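# Fold and geometry: a report
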Amino acid sequence: MVTISAQPYDYELPASGNVALIVIDMQRDFMELGGFGDILGNDVSLLRTIVPTLKQLIEGFRTLELPIFHTIECHQSDLSDCPPSKIKRGKGELTIGSEGPMGRILVKGEPGNGIIPELAPLPNETVIYKPGKGAFYATDLESMLKAQGITHLFITGVTTEVCVQTTMREANDRGYECLMVEDCTESYFPEFKQATLEMVRAQGGIVGWTATAADVLKGLEAWKPLEALV
């Protein structure tokens, strides 16, 4: 059995079944000046610190030919899939659907809604357009994972305490073995990230595990050759 060095204890890779990388909402609206995160008054430079490490992790999954799912939080142009409460919340001058420096905020297909160029998905990688915080709500993600026999998920992206944690909790409730990659997730509020890491691995891994990207890749590189022999 191959394991990954993790907290609160080693994470076991499957003897049967498959693994996947979930990259949550690495989109311009959250990552760049002029995007929704910036408009809300956040320091977007904090989120950009994970880009090099996340890029290495993505490249590692590509080299090992393991599936990658990218998510984008967005809504239809008429906002029919966006509850009024979500639009009203925040009370800023601009909100979801407003015209911003990079097009209409969080509207599918607008320039700001695209994934940052450094982490652009390849044609064979799946992009999930999600109207909620969690990647399972009102999407086909679960059916796609089941179709590929995926049982273990490595979860990354932004922001740690909102869309990343929500997705991990949704996945945990569905029976997936989830690991949050510590240095491939980030928040506008560092204390929120730290609290989330501690919450998910508390009580013997009540929601899942956490580990560094380097340890994840080390474990996967040892596991993949063994998986090929099965």
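Here the residue numbers are simple positions, counted from 1 along each chain's written sequence. Local features in a predicted model are, by the rule used here, given only for residues with pLDDT of at least 70; side-chain atom pairs are given and counted only at 80 or more, and totals for whole chains, interfaces and linings are based on all residues. Water and hydrogen atoms were dropped before computing side-chain values, which therefore reflect all heavy atoms in the structure.

### Points about the environment of Thr210
By definition, any uninterrupted DSSP run of H or I lasting at least four residues is a helix, any uninterrupted run of E lasting at least two residues is a strand, and each is numbered from the N terminus. Position of Thr210 relative to the elements: it lies in strand β10 (residues 209–211). You can call Thr210 buried: its relative accessible area is 0%. Once the C-alpha coordinates of Thr210 and Glu198 are considered, the two residues, twelve residues apart in sequence, prove to be 8.9 Å apart. Setting aside chain neighbours within four positions, we find Thr210 in contact with Ala6, Gln7, Leu179, Met180, Glu182, Leu197, Val200 and Arg201. Pairing of N or O atoms within 3.5 Å defines a polar contact, subject to two protein rules: one partner must be a possible hydrogen donor and the other a possible acceptor, and residues neighboring in sequence count only if both atoms are side-chain atoms. Within the structure, the side chain of Thr210 is placed 2.8 Å from the side chain of Arg201, a separation counted as a polar contact. For each residue, the accessible area found with a 1.4 Å probe, counting protein chains only, is set against the maximum for its type, and the residue is called buried under 20%, exposed over 50%, and partly exposed in between. By the convention used here, residues are in contact when the closest approach between their heavy atoms is within 4.5 Å.

### Focus: helix α7 (residues 160–173)
For a helix, the expected span equals 1.5 Å multiplied by the number of residues minus one. Across its 14 residues, α7 extends 18 Å between first and last C-alpha, which sits within 8% of the 20 Å expected from 1.5 Å per residue. Every buried residue belonging to α7 is among Thr160, Cys163, Val164, Gln165, Thr167, Met168, Glu170 and Ala171, and all of these are buried. Positive phi shows up at Gly175, right after α7, with a value of about 95°.

### As for the packing of aromatic side chains
Any pair of Phe, Tyr and Trp rings, taking the six-membered ring for Trp, is counted once the centres come within 6.5 Å. Such a pair is stacked with planes under 30 degrees apart, edge-to-face with planes over 60 apart, and tilted for the rest. Applying the stated criterion across every chain yields a total of six aromatic pairs. On the basis of an interplanar angle of 85° and a centroid distance of 5.7 Å, the ring pair of Tyr9 and Trp209 is categorised as edge-to-face. Highlighted residues: Tyr9 in the loop between β1 (3–4) and β2 (11–12) and Trp209 in strand β10, separated in sequence by 200 residues. A relative accessible area of 43% places Tyr9 in the partly exposed class. Taking the relative accessible area as the measure of exposure, Trp209 reaches 10% and is therefore buried. Taken together, a centroid distance of 5.0 Å and an interplanar angle of 80° make the contact between Tyr11 and Trp209 edge-to-face. A residue pair is termed long-range when its members are at least 10 positions apart, and Tyr11 in strand β2 and Trp209 in strand β10 qualify at 198 residues. Side by side, Tyr11 and Trp209 carry an identical accessibility label, which is buried. Ring pairing ties together the aromatic residues Tyr9, Tyr11, Phe61, Phe154 and Trp209, which thus form one cluster. Placement of a positive charge over a ring is assigned whenever Lys NZ or Arg CZ falls within 6 Å of the ring centre and within 35 degrees of the normal to the ring plane. The side chain of Lys108 reaches across the aromatic face of Tyr129, ending 4.3 Å from its centre.

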